[in-house]
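# Residue-level structural notes
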Amino acid sequence: MEVKCLSPWPVALQGSSLNLAKLVKFADEESLSQLTDVSLKQNDCAVEFRCLLSSGQTPSEIDIGSYSIEWRRVQNGAAVPFASTTVSLPTVEAEPIPLSLHVDMPAYGHMKAVLPLTYLLHNQTPFVQDMEIAMESSEAFMLSGHKQLFFRILPDSQHILRYNLFPLFPGYVTLPRLRVNMVRYSGVLDQLSSVVPTHIFIKPFEKKVSA
């Protein structure tokens, strides 16, 4: 959400809240306002992000809910009471994804030190899914783990893939690419590639300075 101040007088924000519809929930258990005690001058913008999840079987278009913000004008130091403004949020198109993929890896690696890489696959369908995975090689790493694997995931269950990478070059290097295929949903997982990290920074050896 983006809030822009169009008033010639400064505006103080007390906070904001997102009133979600029934089919939407927060990704985190606790979602606090990111605009608490924020002041805006004319043409200033404030932006806050919330991660939302659709719950259960959802229609193609989802009503998110409404957004409320408490604000007041700051003029000549006068204590003006806070006003509350609520706007309805637009509907969004939702496409169900049968599989979710979470990647756990360090923010960076070190030369010739083991870099752990974990993939967590979650079957979000009510059916047993036959899976095929293939891990492509990369010139920047030596790889320990399954390069090709066939397995099944039970409904609403998870499968963990663990790899150990051994960096060979420093700098911003390309990670080995994991290809995932669901036999029942062949070709629908291409959109998962956008959430999988493709590069990582590898720190070079530290140069020792002799006294």
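Residues numbered from 1 in each chain as written. Predicted model: local features only at pLDDT ≥ 70, side-chain atom pairs only at ≥ 80, totals over all residues. Heavy atoms only, no water.

## Details of the side chain of Arg50
Residue position: Arg50 is located in the loop between β5 (45–47) and β6 (52–54). Filtering out sequence-adjacent residues up to four positions away, Arg50 remains in contact with Met1, Ser16, Leu18, Phe26, Ser31, Leu32, Ser33 and Gln34. (Helix = DSSP H or I, 4+ residues; strand = E, 2+ residues; numbered from the N terminus. Contact = heavy atoms within 4.5 Å.)

## Some words on the sheet that holds strand β14 (residues 129–135)
Ordered in space as β16-β14-β19, the three strands form an open sheet in which the pairing is antiparallel. Across the chains shown, the open sheet's two edge strands, defined by having one partner strand only, are β16 (148–153) and β19 (178–182). Neighbour to neighbour, the strand axes of the sheet diverge by 20 degrees on average, direction disregarded. Taken together, the five bridges between β14 and β19 define a ladder with antiparallel strand orientation. Looking at the pairing, Ile133 lines up with Val180 of β19. (Pairing = 2+ DSSP bridges. Axes fitted to C-alpha atoms, helices over the stretch in contact; angles between N-to-C directions.)

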